[in-house]
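# Architecture and fold: a report
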Amino acid sequence: MSVTPLSHYFDHNATSPLRESGRLALAGGLDESWCNPSSPHSEGVRCHALLEDARERFAAIFGGAAERLSFTSGATEGNNAVMAFFHAKTDSRGKAAVSAVEHPSVLESAKTRFGQNLEQLAVDENGVLCLDALSSFLSEGKAILISVMAANNETGVLQPWSEAQALCREFGVPFHCDATQWLGRMPAEGLDACDLLTGSFHKLGGPKGIGFLRTSCEDSVRLLYGGHQEGGLRAGTENVPSILGSLASLEEAIREITDSSNRDLFEKRVAELIPGIQFLGAEANRLPLVSSFVLPKFDNLRWINRMDRLGFAVSTGSACATGRGGPSHVLAAMGHSPEEARRFLRVSGGWSNATDDWIALADAFGVAYEELDNDEGESQVISL
Ligand code: PMP
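Residues numbered from 1 in each chain as written. Predicted model: local features only at pLDDT ≥ 70, side-chain atom pairs only at ≥ 80, totals over all residues. Heavy atoms only, no water.

## Overview of the site of the ligand
Here is the rule: Proximity is defined per residue: any heavy atom of the residue falling within 4 Å of a molecule or strand makes that residue near it. Two N or O atoms form a polar contact when they lie within 3.5 Å of each other; inside protein one atom must be a possible hydrogen donor and the other a possible acceptor, and for residues adjacent in sequence the pair counts only when both atoms belong to side chains.
Around the ligand sit 14 residues, and of these T76, D178, Q181, S200 and K203 come closest. D178 places a polar side-chain atom, nitrogen or oxygen, 2.6 Å from a nitrogen atom of the ligand. Within the side chain of T180, a nitrogen or oxygen atom sits 3.4 Å from a nitrogen atom of the ligand.

Written out as structure tokens, the structure reads:
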């Protein structure tokens, strides 16, 4: 079985390989801190202390009170819980708004809960939320919740979440931010101002299946009913080893936050090799190690297969890559046609890629382009 070397893995926005620091903390937790933190014996008490210490350290990063931070199974759970909670609180007049480029765990759960009472806020051609659209929605006076992600998973484009939060504060409307792609890649400063914050840790080199929801609204969001864990907000035995692994990975990721020089180098080189390539969000602020683009020719699945054969893992960033769902709603919101969306690719690097890997990636794109062109030339000759 062949496994892509981590240095050639460029799909960190889907998930990131586990960092060594995270692996050590996770393994240490599995070996030594596997007890139920609710157990009354000394081992249980010790695990409980570790859990609460970790919660404090997460809260120190994200802001807000530690007791308002609940661990979840990932960002999907937190995002769904936010929508369910606010929907349950409102009468038929209350409206919610989310940006049109949210992750499906926000967009689909908001549509399911709010139906006609959901507004999708427009983005510009770079995929950046139009603050005017938010402002006029808030001015209608019916808003009960606004949700805007921190960074987009498909394009890496950063959203003006801080400005959106400030606007919501002016209107007294709760503001939720899905920070899944931001965490560990951009500084956490300012996230404390968000009334509701969700995320997970596997995009930054932490374990999968673990995330969080932090609220600072008046009401606490109740996630799961049953036992009294997580201050009564989420029933179920806490996953202490994964929480410890996540904390170690997050703290390391924050220490290693990088600039965009490798990505910029890649884009410059690939633009020389593939004339006509169109980088998305090029005029906007983006995550430093994400590049998404529309290629001049060939469907994205052909590119992915070809890059795979050359030893590189890249992605389309949306479900249509695997034949599920239609063209990306993110690209559609940015004004791209379904035909352009089929030529869309996303490259997302992370801790496992060095400068040389980015250069090799660009060169592999050049080779893939030549090979795809040759294939096409040959098939035309055969069909003559
Ligand atoms: N939000 C965003 C922006 C994401 O990129 C993802 C993961 N693709 C999620 C939410 C869902 O995260 P999880 O896999 O932890 O449920």
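From this point, things continue past the structure.
## Thoughts on the pairing of strand 7 (residues 211-215)
Test applied: For every residue, the accessible area obtained with a 1.4 Å probe (protein chains only) is divided by the maximum for its type, and the residue is called buried under 20%, exposed over 50%, and partly exposed between those limits. For the purposes of this entry, the term helix denotes a DSSP run of H or I that reaches at least four residues, the term strand denotes a run of E that reaches at least two, and both are numbered from the N terminus. Two strands are said to pair when DSSP picks up at least two bridges between them.
Of all five residues that make up strand 7, five are buried, and the element is covered over most of its length. Burial along strand 7 is two-sided: the residues G211, L213 and T215 and F212 and R214 are all buried. Where strand 1 (residues 69-72) and strand 7 come together, four bridges link them in antiparallel fashion. Across the sheet, S70 pairs through a bridge with L213, a residue of strand 7. Sheet topology note: the strand 6 (residues 196-200)/strand 7 ladder contains five bridges and is antiparallel. If you follow G199 over to strand 7, its bridge partner there is F212.

## With respect to the pairing of strand 3 (residues 118-121)
In plain terms, the rule: Clockwise travel from the first strand over the helix to the second, with the strands pointing away from the viewer, marks a crossover as right-handed.
Relative to strand 3, strand 2 (residues 95-99) runs parallel, the two sharing four bridges. Across the sheet, S99 pairs through a bridge with L121, a residue of strand 3. Considered for its hand, the β-α-β crossover made up of strand 2, helix 4 (residues 104-114) and strand 3 is right-handed.

## Thoughts on the sheet that holds strand 7
Formally: Angles shown run from 0 to 180 degrees and are taken between the N-to-C directions of axes, each axis being a line fitted to C-alpha atoms and, for helices, limited to the stretch in contact. We call two residues contacting when some pair of their heavy atoms lies within 4.5 Å.
With mixed pairing, the seven strands of this open sheet are ordered in space as 1-7-6-5-4-2-3. With partners counted over all chains shown, the strands left at the sheet margins are strand 1 and strand 3, one partner each. Averaged over neighbouring strand pairs, the angle between their axes works out to 15 degrees when direction is ignored. Here strand 5 (residues 175-178) runs beside strand 6; their pairing, made up of three bridges, is parallel. Following the sheet pairing, H176 is matched in strand 6 by L196. Across the sheet, helix 6 (residues 161-171) touches strand 4 (143-147) and strand 5, and the angle it forms with strand 5 is around 165 degrees.

## Notes on the environment of L145
Assignment of secondary structure puts L145 in strand 4. Taking relative accessible area as the criterion, L145 reaches 1% and is therefore assigned buried. Placed 63 residues apart in sequence, L145 and V82 show a C-alpha to C-alpha distance of 9.3 Å. Ignoring anything within four residues of it in the chain, the contact list for L145 reads V82, M83, F86, K95, A96, A97, V173, P174, H176 and L196.

## A word on the pattern of salt bridges
Applicable threshold: We count a salt bridge whenever a side-chain nitrogen from Lys or Arg sits within 4 Å of a carboxyl oxygen from Asp or Glu.
According to the stated counting rule, one finds 23 salt bridges in the structure shown. Salt-bridge contacts for D373 lead to K297; the nearest nitrogen and oxygen are separated by 2.8 Å. Remark: K297 occurs in the loop between strand 9 (290-294) and helix 9 (300-309) and D373 occurs in helix 12 (residues 355-383); sequence separation between them is 76 residues. The structure contains a network of salt bridges with shared partners spanning R19, E252 and E256.

## Observations concerning unusual backbone geometry
At E230, a residue that is not glycine, the phi angle is positive and equals roughly 50 degrees. Its identity as a non-glycine residue notwithstanding, F298 has a phi of 75 degrees, on the positive side. Along the chain, the position of F298 falls in the loop between strand 9 and helix 9.

## Things to note about helix 6
The condition that has to hold: Arc, as used here, means the arc of the directions from the helix axis to the C-beta atoms.
Three or more residues of helix 6 are buried, namely W161, A164, Q165, L167 and C168. Looking straight down helix 6, one finds its buried side chains confined to an arc of 160 degrees; they lie on one side. A positive phi of about 70 degrees marks G172, the residue just after helix 6.

## Some remarks on the domain arrangement of the chain
Formally: Just so you know, the domain bounds were taken from an automatic or database domain assignment. Here the quantity called buried area is the total loss of accessible area, with a 1.4 Å probe, experienced by two parts when brought into contact, counted for both. When residue character is reported, Ala, Val, Leu, Ile, Met, Phe, Trp, Tyr, Cys and Pro are called nonpolar, Asp, Glu, Lys and Arg charged, and the others, Gly included, polar.
Here the domain parsing of the chain yields domain 1 (6-17 + 259-383) and domain 2 (20-254). One C-alpha centre belongs to domain 1, the other to domain 2; they are set 29 Å apart. Across the boundary between the two partners, domain 1 contributes 28 residues, which contact 28 residues of domain 2. Across the domain 1/domain 2 interface, buried area totals approximately 2,100 Å², and carbon plus sulfur atoms make up 54% of it. Linking domain 1 with domain 2 are zero salt bridges. Our count for the contact surface shared by domain 1 and domain 2 stands at 15 residue pairs in polar contact (both at pLDDT 80 or more). If you list the elements that add at least two residues to the side of domain 1 that touches domain 2, you get strand 9, helix 10 (329-333) and strand 10 (344-348). In terms of residue count, the dominant contributor to the side of domain 1 that touches domain 2 is helix 10 (four residues). Taken together, the residues of the side of domain 1 that touches domain 2 sort by class into 14 nonpolar, eleven polar and three charged.

## Quick word on the side chain of R185
With respect to the element layout, R185 can be found in the loop between strand 5 and strand 6. Within the structure, the side chain of R185 is placed 2.9 Å from the backbone oxygen of K203, a separation counted as a polar contact. Once residues lying within four places of it in the same chain are set aside, the contact partners of R185 are H12, N13, K203, I257, L287 and P288.

## Structural notes on the packing of helix 5 (residues 131-139) against helix 6
The test is simple: An angle below 35 degrees is treated as roughly parallel, one above 145 as roughly antiparallel, one from 65 to 115 as roughly perpendicular, and anything else as oblique. If you view the pair so one helix is near and one far, a crossing is left-handed when the near helix is turned anticlockwise from the far one by less than a right angle, and right-handed when it is turned clockwise.
Interhelical geometry of helix 5 versus helix 6 gives an angle of 15 degrees and a closest axis separation of 10 Å. Judged by the inter-axis angle, helix 5 sits roughly parallel to helix 6. Here helix 5 runs over helix 6; the crossing is right-handed. Where helix 5 abuts helix 6, its residues L131, L134, S135, L138 and S139 lie against E163, A164, L167, C168 and F171.

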